[in-house]
Structure formats: structure tokens, C-alpha cells
Amino acid sequence: MLPILELRSKGGRSTARVSSFGARLIDWTFEGQPHLFMPQAGAADEMVAPHGGVPVLFPQFGLFGPGRKHGVVRDRDWRVEEQGESSCLLRTRLRGEDGDFDVFLRVDLHDDGPDLSFSAVNVGTQSQSFTAGLHTYLRVPNIETTLLEGLEAVAYEDALQNLTPVEPAWVPLTAPVNVDRVYVATPRRLQLRTPDFALLLEQSGFHDTVVWNPGPEIAKTFADLNDGEWRTFLCVEAAQIRPPVTLGPMDTWYGTQKIRRLAA
Ligand SMILES: O=P(O)(O)OC[C@H]1O[C@H](O)[C@H](O)[C@@H](O)[C@@H]1O
């Protein structure tokens, strides 16, 4: 079994687990309440990349690039560089056809939620380009009573309609069932609201946000999702797609996503 790192925030209100497989945050609880989705059938500790937690996508987000969908680092073992009580740092190396990069993910667990800090260093001798993302699966009581605020003024590309450009909606995204949208140039802060709790999502470095829920029909095509599980998550993904990053030799790119439980 691969290492799973257990984290606890200094004040003890949050706990989290990070798998060395994909450097995936596989759960985060606030006062005992889990806030990340993991499919019941998804074996978080085995060599599979389930639809859950926070997969790290690099050097390609989705099909935005010439390589493998969602890149190669989400389903390989990463090396644990540092481990503390409330933080850890993992690293993996790409060499050859996927590029020449050293890639890092740091998780810092605060009392009210985790910070995920991604970085990629071009260790090659030429400029290299990539797209990337943190594919965060947020657990919700019911997608039909979920609201996402902050993208009202942002145009998006509809991935369910061959990336057709869509004008801003000017209203919060309510009941986001079966959506696959690339919001380009998003604000730093979004809020996810459910009848039970609200979360603040803050990203930096990452220019875009992808919002995804498969809905009932597409969910049936995923072996690891049980009936009805699609209702219980919304992916709000910090992404860098438009434009791709071009990094010179020995340059580093940074992107972060912070998730915070808001006071009731
Ligand atoms: O099934 P996966 O390869 O993990 O991809 C799951 C989903 O990830 C992203 O959010 C994309 O926007 C979706 O188009 C894709 O279906």
C-alpha cells in the first residue's frame, strides 16, 4: 500500500489525508464533517485514479494540449519530500516525452481548511508549454440545492457544446447539474453555498476555473460512481488553460487553491 499522510491543523478543527499516489488530497474534514467527495467504490489507497479528492492535472488539463487527457502525474507515485503535523510537500519528476519538469504539491492545513500550492520547474534546456489544474471534488448535500457565486460576470466555453463561447449569465450558478464549463479569467474568490454550509474558494496563479458535474447520464459511464453519487459533488477546478503557460529553462510557475469553511 502506498503512503497516506495524515494531517491535523494546529487548533485541531480540520484533518486531512494526502496520498502519495498522484499527490492527491483524498479527504478534508472540518469539525468531523467531510468536505471532499470520494466515490464509495474509489479505493483511495490503491493504484487507481478515482473521481474524487483533488487530482493534480499536469502537464495537460483535459484535452487542452497534445498529450494524454488530464496529464500523467495524477496516476503515478510521488515522493514525499517533507511531512509535518499540518503540512506536507510532495514531488514528482517528468522526463522525456511528457516534458522535463520537476513538479511539487504542498498542502498546508489550517483550522478552517487546506491550501494547495502547486509548482512546476522547467528543468529542460528549452522553453516548454503546459496546461494544468487542481481538479477539486467538493462534496455537497445535494447538487440541486447548491449555489456557486462569483462567476456571474465571466464568459465561459461550454465543453458540452464543443467549447462554444457563452456570454456571462449575470446570476449565480444554481443547481449546477451536468455542467462542463471553462470559465476564462476568473475572479480570485468564489463561494459555494449549500443549505448546510458555505465554502470560500480562492485561487491565485491559475487564471481559469472549470466547473464540472457529470449529471445522471454521463455518471453512468464512470465505473467508480455508484447510482446517485453524481448528486453529491461539484468540481470547482483551479485551472490554467487559456492561455497555456510557456516556461523558460529553470523558470518556475506557481498556482494555488485555498478552500475555507465559512462561519455559519
Ligand atoms: O474522467 P476524468 O478523466 O477524470 O475527467 C473528468 C472530467 O474532468 C474535467 O472536469 C473535464 O472538464 C470533464 O470534461 C471531464 O469529464
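Every value quoted in this text rests on a predicted model; they were computed, and no experiment measured them.

Draft legend 1. Region of the structure containing the overall build of the chain. When its secondary structure is counted, the chain shows one helix and 21 strands. Over its C-alpha atoms the chain spans a radius of gyration of 17 Å, differing by no more than 12% from the 18 Å that the globule rule assigns to 264 residues. Taken along the three principal axes of its C-alpha coordinates, the chain extends 50 × 45 × 35 Å. Here the chain holds 264 residues, and 55% of them are scored as buried. For the chain, the share of sequence-separated contacts (at least 6 apart) that also reach a separation of at least 24 residues comes to 65%. Separation between the mean location of the 25 positive side-chain charges and that of the 34 negative ones in the chain comes to 3 Å.

Draft legend 2. Geometry of the packing of aromatic side chains. Taken as a whole and judged by the stated rule, the model has 16 aromatic pairs. Arranged with centres 5.0 Å apart and planes meeting at 45 degrees, the rings of Tyr-156 and Tyr-183 form a pair that is tilted. One end of the pair, Tyr-156, is in strand E13 (residues 156-158); the other, Tyr-183, is in strand E16 (residues 179-183), and 27 residues separate them in sequence. With respect to burial, Tyr-156 and Tyr-183 carry one shared label: buried. Arranged with centres 5.9 Å apart and planes meeting at 80 degrees, the rings of Trp-212 and Phe-222 form a pair that is edge-to-face. In this pair, Trp-212 sits in strand E19 (residues 208-213) while Phe-222 sits in the loop between helix H1 (215-219) and strand E20 (233-247), placing the two residues 10 residues apart along the sequence. Exposure class is identical for Trp-212 and Phe-222. Each is buried.

Draft legend 3. Just the confidence of the model for the chain, in detail. For the chain, per-residue confidence averages 95 on the pLDDT scale, and 97% of positions sit at 70 or higher. For this predicted complex, the interface score ipTM comes out at 0.97, alongside a pTM of 0.97.

Draft legend 4. A look at the side chain of Ser-20. Position of Ser-20 among the secondary structure elements: in the loop between strand E2 (14-19) and strand E3 (24-30). Here Asp-77 takes part through its side chain, which lies 2.7 Å from a polar atom of the side chain of Ser-20. Residue contacts for Ser-20: discarding those within four places in its chain leaves Leu-2, Pro-3, Arg-76, Asp-77, Trp-78, Val-80 and Leu-90.

Draft legend 5. Structural view of the side chain of Arg-24. Structurally, Arg-24 is set in strand E3. Although Arg-24 lies buried, it forms no salt bridge, and the closest oppositely charged side chain, Asp-224, sits 7.2 Å away as judged by the N-O distance. Within the structure, Arg-24 has its side chain in polar contact with the backbone oxygen of Gly-52 (distance 2.7 Å).

Draft legend 6. Region of the structure containing the site of the ligand. Taken together, His-51, Lys-69, His-70, Arg-74, His-135, Asp-180, Val-210, Trp-212, Phe-222 and Glu-237 make up the full set of residues near the ligand. At 2.9 Å from an oxygen atom of the ligand is found a side-chain nitrogen or oxygen belonging to Arg-74. Contact with the protein chains removes 83% of the 390 Å² of surface that the ligand exposes when unbound. Considering only residue class, the shell around the ligand consists of three nonpolar, three polar and four charged.

Draft legend 7. The arrangement of the sheet that holds strand E4 (residues 33-34) in detail. Read across the sheet, four strands follow the order E1-E2-E3-E4 without closing on themselves; strand pairing throughout is antiparallel. Looking at strand neighbours, the two that pair on one side only are strand E1 (4-8) and E4, the edges of this open sheet. Here five bridges tie E1 to E2, and the two strands are oriented antiparallel to one another. Each residue of the ladder has a partner; that of Ile-4, found in E2, is Ser-19.

Draft legend 8. Region of the structure containing the pattern of salt bridges. Scanning all chains against the criterion turns up 17 salt bridges. Between Asp-108 and Arg-106 there is a salt bridge whose closest N-O contact spans 3.0 Å. On the basis of relative accessible area, Asp-108 is assigned to the buried category, the value being 18%. Via salt bridges that share partners, Arg-79, Glu-81 and Arg-91 belong to a single interconnected network.

Reading the values: the criteria
Residues numbered from 1 in each chain as written. Predicted model: local features only at pLDDT ≥ 70, side-chain atom pairs only at ≥ 80, totals over all residues. Heavy atoms only, no water. Helix = DSSP H or I, 4+ residues; strand = E, 2+ residues; numbered from the N terminus. Rg over C-alpha atoms; globule rule 2.2 N^0.38 Å. Buried < 20%, exposed > 50% of the residue type's maximum accessible area, 1.4 Å probe, protein only. Contact = heavy atoms within 4.5 Å. Lys, Arg positive; Asp, Glu negative; His and termini not counted. Charge placed at Lys NZ, Arg CZ, Asp CG, Glu CD. Phe/Tyr/Trp six-rings, centres within 6.5 Å; stacked < 30°, edge-to-face > 60°. pLDDT = per-residue confidence, 0-100. Polar contact = N/O pair within 3.5 Å; in protein donor to acceptor, adjacent residues only side chain to side chain. Salt bridge = Lys/Arg side-chain N within 4 Å of Asp/Glu carboxyl O. Near = heavy atom within 4 Å. Areas by Shrake-Rupley, 256 points an atom, 1.4 Å probe, with all protein chains shown as cover. Nonpolar A, V, L, I, M, F, W, Y, C, P; charged D, E, K, R; others polar. Pairing = 2+ DSSP bridges.

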